[in-house]
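Read off the chains here:
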Amino acid sequence: MTVAVRKSRMKETLPMRVGVLDRTGVLLPADGFCQKRLREKGLKVGDMVTVQVRRMREYWYHKMVHLFGELVAQNIDDFRGMTAHDVLKRLQAEAQIGCEAVSIRVMSTGDMAVMYYPRSLAYDEMDQDEFENVFTGFCQHVVEHYWPTLDLENIQALVEIMGEQVS
């Protein structure tokens, strides 16, 4: 499947706000842009739609995880020169965190093997709880395999300090 085909099949995610109408909970478009997109799709009041409900992630946490990727790239030789994004994807696959496991048969031997494909860390692909678990797993993996002089709390403190310098 080509990238163009994959992109055309991607689902658009629009933020919605939980509101109340006549003492009943309702989902409302989060802003004018979302209202416009719903109108462009031809949706009208009373239309039935499907939704996948997820609590939106906190932006600062998303930023913190990418700062962690920068911290790793700057301080661990095995990751030097990599972007924060590439660091996170490599750690995902290495630690098998937030990955999809796919069994494949090795043609030359007939043995079965498992490949781990990192899932997207994007806002609309992973909820806050899972994202926090993935970040904790990243930190633990780095401590266990690359930076044993630190512990989980040290790494998280370093990332917070980096965030304060960037803000």
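Parameters and conventions
Residues numbered from 1 in each chain as written. Predicted model: local features only at pLDDT ≥ 70, side-chain atom pairs only at ≥ 80, totals over all residues. Heavy atoms only, no water. Helix = DSSP H or I, 4+ residues; strand = E, 2+ residues; numbered from the N terminus. Contact = heavy atoms within 4.5 Å. Areas by Shrake-Rupley, 256 points an atom, 1.4 Å probe, with all protein chains shown as cover. Lys, Arg positive; Asp, Glu negative; His and termini not counted. Charge placed at Lys NZ, Arg CZ, Asp CG, Glu CD. Pairing = 2+ DSSP bridges. Axes fitted to C-alpha atoms, helices over the stretch in contact; angles between N-to-C directions. Parallel < 35°, antiparallel > 145°, perpendicular 65-115°, else oblique. Nonpolar A, V, L, I, M, F, W, Y, C, P; charged D, E, K, R; others polar. Patch = residues over 30% accessible without salt bridge, like charges linked within 9 Å, V, L, I, M, F, W, Y side chains within 5 Å. Salt bridge = Lys/Arg side-chain N within 4 Å of Asp/Glu carboxyl O. Buried < 20%, exposed > 50% of the residue type's maximum accessible area, 1.4 Å probe, protein only. Polar contact = N/O pair within 3.5 Å; in protein donor to acceptor, adjacent residues only side chain to side chain.

Visitor: Can you break down the overall build of the protein residue by residue, with the values?
Guide: The number of helices and strands found in the protein is six helices and four strands. In sequence order, the protein lays out its α and β elements as α-β-β-α-α-α-β-β-α-α. Considered along the principal axes of its C-alpha atoms, the protein spans approximately 55 × 50 × 30 Å. Looking at the protein alone, contacts between residues at least 24 apart form 45% of all its contacts between residues at least 6 apart. With the model as given, the accessible surface of the protein reaches about 11,900 Å², and the carbon-plus-sulfur share is 53%. Averaged over its 20 positive side-chain charges, the protein has a centre that lies 11 Å from the centre of its 24 negative ones.

Visitor: Let's hear about the pairing of strand β2 (residues 24–29): which residues, and what values?
Guide: The sheet contact formed by strand β1 (residues 16–21) and β2 spans six bridges and is antiparallel. Residue pairing across strands places M16 opposite P29, the latter belonging to β2. Following β1, the chain reverses through two residues before pairing antiparallel with β2; D22 in that reversal takes a positive phi of roughly 50°.

Visitor: How would you summarise the packing of helix α4 (residues 84–95) against helix α5 (residues 128–145) if you had to cite specific residues and measurements?
Guide: Where α4 contacts α5, the two axes come as close as 10 Å, and the packing angle between them is 80°. Viewed along their axes, α4 and α5 adopt a mutual orientation that is roughly perpendicular. Counting all contacts with α4, which are made through L88, L91, Q92, E94 and A95, the residues of α5 involved are F138, H141 and V142. Its residues assigned to classes, the contact of α4 with α5 comprises five nonpolar, two polar and one charged.

Visitor: An account of a nonpolar patch on the surface is requested, with residue identities and associated values reported.
Guide: A cluster of nonpolar side chains, namely M16, V18, L27, L43, V49, V51 and V53, defines an oily patch on the protein surface of about 650 Å² accessible area. On the basis of relative accessible area, L43 is assigned to the partly exposed category, the value being 33%.

Visitor: Could you give an account of the side chain of Q128, naming the residues involved and the relevant values?
Guide: Checked against the element boundaries, Q128 lands in helix α5. Taking the relative accessible area as the measure of exposure, Q128 reaches 7% and is therefore buried. A polar contact of 2.9 Å, which involves the side chain of Q128, links it to the side chain of E132.

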